[in-house]
Amino acid sequence: MQEFKPFKEGKVREVYDNGDSLIIVATDRISAFDNILKNKITDKGAILTQMSKFWFEFTGDVVSNHMISVDTKDMPEFFQQDRFNGNSMMCKKLEMLPIECIVRGYITGSGWASYQENGTVCGIKLPEGLIESDKLPEPIYTPSTKAELGDHDENISFEQSVEVLEKAYPGKGQEYAEKIRDYTIALYKKCAEYALSKGIIIADTKFEFGLNEDGEIVLGDEMLTPDSSRFWPLEGYKPGQGQPSFDKQYVRDWLKANPDNDFLLPEEVVTKTVDKYKEAYEKASSEMLSEFGNALNEYQSKAQALIDDTINGITDTYQSRYDDLISKQDNLINKLQSAGELFEISNAGVITVVDLKEQTAQIKDYAEKLKKIKSKVSGDLFDQITQYDLKEGQAF
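Residues numbered from 1 in each chain as written. Predicted model: local features only at pLDDT ≥ 70, side-chain atom pairs only at ≥ 80, totals over all residues. Heavy atoms only, no water.

**So, the side chain of Asn65**
Our working definition: Numbered from the N terminus, helices here are DSSP runs of H or I no shorter than four residues, and strands are runs of E no shorter than two. Here a polar contact is recorded for every N or O atom pair within 3.5 Å, except that within protein the pair must consist of a potential hydrogen donor and a potential acceptor, and residues adjacent in sequence are included only if both atoms are side-chain atoms. Any pair of residues with heavy atoms lying within 4.5 Å of one another is described as a contacting pair.
Structurally, Asn65 can be placed in the loop between α1 (44-58) and β6 (67-69). There is a polar contact of 3.1 Å between the side chain of Asn65 and the backbone oxygen of Phe56. Sequence-distant contacts of Asn65, defined by excluding residues within four places in its chain, comprise Phe56, Lys92, Val218 and Leu219.

**As for the packing of aromatic side chains**
Threshold: Note on ring pairs: Phe, Tyr and Trp rings are taken, using the six-membered ring of Trp, and paired if centres are within 6.5 Å. Classes follow the plane angle, with under 30 degrees stacked, over 60 edge-to-face and the rest tilted. The buried label goes to any residue with under 20% of its type's maximum accessible area, the exposed label to any with over 50%, and the partly exposed label to all in between, with areas taken from a 1.4 Å probe on protein chains only. Charge-over-ring placement is defined geometrically: NZ (Lys) or CZ (Arg) within 6 Å of the ring centre, and within 35 degrees of the ring normal.
This model, assessed by the stated rule, comprises 20 aromatic pairs. When the ring of Phe54 is compared with that of Phe58, the centres are 6.1 Å apart and the planes differ by 15°; the resulting orientation is stacked. Taken together, the positions of Phe54 and Phe58, both in helix α1 and four residues apart, correspond to about one turn of that helix. The pair Phe54 / Phe58 is uniform in exposure class, with both members buried. Clustering of aromatic rings is evident, with ring pairs tying together Phe4, Tyr16, Phe78, Phe79 and Phe84. It is Lys190 that lies over the ring of Phe58; its NZ or CZ is 4.6 Å from the centre.

**Describing the packing of helix α3 (residues 158-168) against helix α4 (residues 173-197)**
We count it as follows: Inter-axis angles, ranging from 0 to 180 degrees, are taken between N-to-C directions of lines fitted to C-alpha atoms, where helices are fitted over the stretch in contact. To sort the angles, those under 35 degrees are grouped as roughly parallel, those over 145 as roughly antiparallel, those from 65 to 115 as roughly perpendicular, and the leftovers as oblique. By convention, the crossing between two helices is left-handed when the near helix turns anticlockwise from the far helix through less than a right angle, and right-handed when the turn is clockwise.
Interhelical geometry of α3 versus α4 gives an angle of 125° and a closest axis separation of 8 Å. Between α3 and α4, the angle falls in the class oblique. The crossing of α3 and α4 is right-handed. Residues Phe158, Ser161, Val162, Leu165 and Glu166 of α3 lie in contact with α4, whose contacting residues are Gly173, Gln174, Tyr176, Ala177, Glu178, Ile180 and Arg181.

**Looking at α4**
Counted only if it meets this: A helix is expected to span 1.5 Å for every residue after the first.
Here α4 is 25 residues long and its end C-alpha atoms lie 37 Å apart, about the 36 Å a rise of 1.5 Å per residue gives. Among the residues of α4, Gly173, Tyr176, Ala177, Ile180, Thr184, Ile185, Leu187, Tyr188, Cys191, Ala192, Tyr194 and Ala195 are the ones counted as buried. Gly199 lies just past α4 and shows a positive phi near 85°.

**A few points about unusual backbone geometry**
Phi is positive for Cys122, close to 55°, though the residue is something other than glycine. Judged by relative accessible area, which is 22%, Cys122 ranks as partly exposed. Phi at Asp221 is positive, roughly 60°, even though this residue is not glycine. You can call Asp221 partly exposed: its relative accessible area is 25%.

**A closer look at the nonpolar core**
One broad trend across soluble globular proteins is that nonpolar side chains are buried collectively. Stated formally: Residues belong to one nonpolar core when they are buried, are Ala, Val, Leu, Ile, Met, Phe, Trp, Tyr or Cys, and are joined through side-chain atoms within 4.5 Å.
If you look at the biggest cluster of nonpolar residues, it comprises 48 residues, and the most contacted ones within it are Trp55, Ile180, Phe207, Phe209 and Met223. Ranked by the residues each element gives to this core, the list is headed by α4, at 10 residues. Excluding residues that lie within four positions of it along the chain, Ile180 makes contacts with Leu97, Ile99, Cys101, Tyr141, Leu165, Phe209 and Ile217. Core analysis: the next-biggest nonpolar cluster, separate from the first, contains nine residues, Phe4, Val25, Met75 and Phe78 among them.

**Overview of the packing of α1 against α4**
Note the threshold: Here the term charged refers only to Asp, Glu, Lys and Arg, the term nonpolar to Ala, Val, Leu, Ile, Met, Phe, Trp, Tyr, Cys and Pro, and the term polar to all other amino acids, Gly among them.
Between α1 and α4, the least distance of the axes is 11 Å, while the angle of their chain directions is 115°. Every pair of crossing elements has a handedness; the one defined by α1 and α4 is right-handed. Taken together, the residues of α4 that come into contact with α1 (itself represented by Phe54, Trp55 and Phe58) are Lys190, Cys191, Tyr194 and Ala195. Looking at the contact of α1 with α4, its residues break down into six nonpolar, no polar and one charged.

**Points about the environment of Gly129**
By the secondary structure assignment, Gly129 is in the loop between β11 (124-125) and β12 (135-141). For Gly129, a relative accessible area of 70% corresponds to the exposed category. Between the C-alpha atoms of Gly129 and Gly119, which are 10 residues apart in sequence, the distance is 9.2 Å. Those residues in contact with Gly129, other than ones at most four positions away along the chain, are Tyr115 and Asp134.

Structural measurements only, silent on function.
Okay, here's the thing in structure tokens:
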């Protein structure tokens, strides 16, 4: 078995060269204030990877991303060890742009401190009279430079981001700066709206982009995880004060309150942080799985009704419509199996939704029964079944 060693290690991730692709492994390490803490957060790496997978798939219509697969069976044998299961992502190779793309939809943290001082956030003038945790009239784009490990990122203006990119890519600075700004705002708006429907406020987040071999801008790194974002519960949201969060703000707050911490967290803070990461994952993914379960239950009922109401002797007239029904079922089965894999990865008390494997087996059984039936179906009933819309988009 070929051994692999990371050629790059960040605060949380390890990156392995796989020839024409990369394998990015999210560890259980946690960082704060640009330092790696001495504790590890159990299951954190798997949660980060699976959340990124969900958001990459959700936003594929906005901008392409670097994800190829999170299934270790698609990776070299070395990565099929248990320690890589769930926390590894095979990705396209990109030339990463030297800008971190930060977007803020609410005023909080360092932005709130800056606003109190001079009415601006990263040099952007905001309306008067805002209070802590207020929603901004429109999301604002506040880029920063990328710091080396142990250094601090530096907030810069949009104009400065143009200069940084122009220096790296002569003749392309303005174009690249505008594109990553526009992608950042579009991604935030789409995801913030979805998250809000699931009871989560995305206060702010960051994205990173790179260039593929054709010079196209592609979304890379991680996406909308508790490490890169500030998540608040919608329930209990109240402007005028700080908000409880699903992210590592809990860790930051403890470190600030305990300046002699030596970057070592007490066990109760570690446990609380694990719970918050899992809660953020559950809010996004378990409701998605529940929707799949509901769609499956309704579809099974219609499939069973078709079986119960059929009579002997199906005609050729109905065969193509019959095959279409089977195709829809097979499509749903494939999606449920994919969702089932996601569910299985976080089985350590994270979510309990529906037994997707059992449900999948049941609908496969129905499909087999339907294939064997040679019967004649009334037009009205068949129309009702074959025109049933799975609403796959809503399931995600």
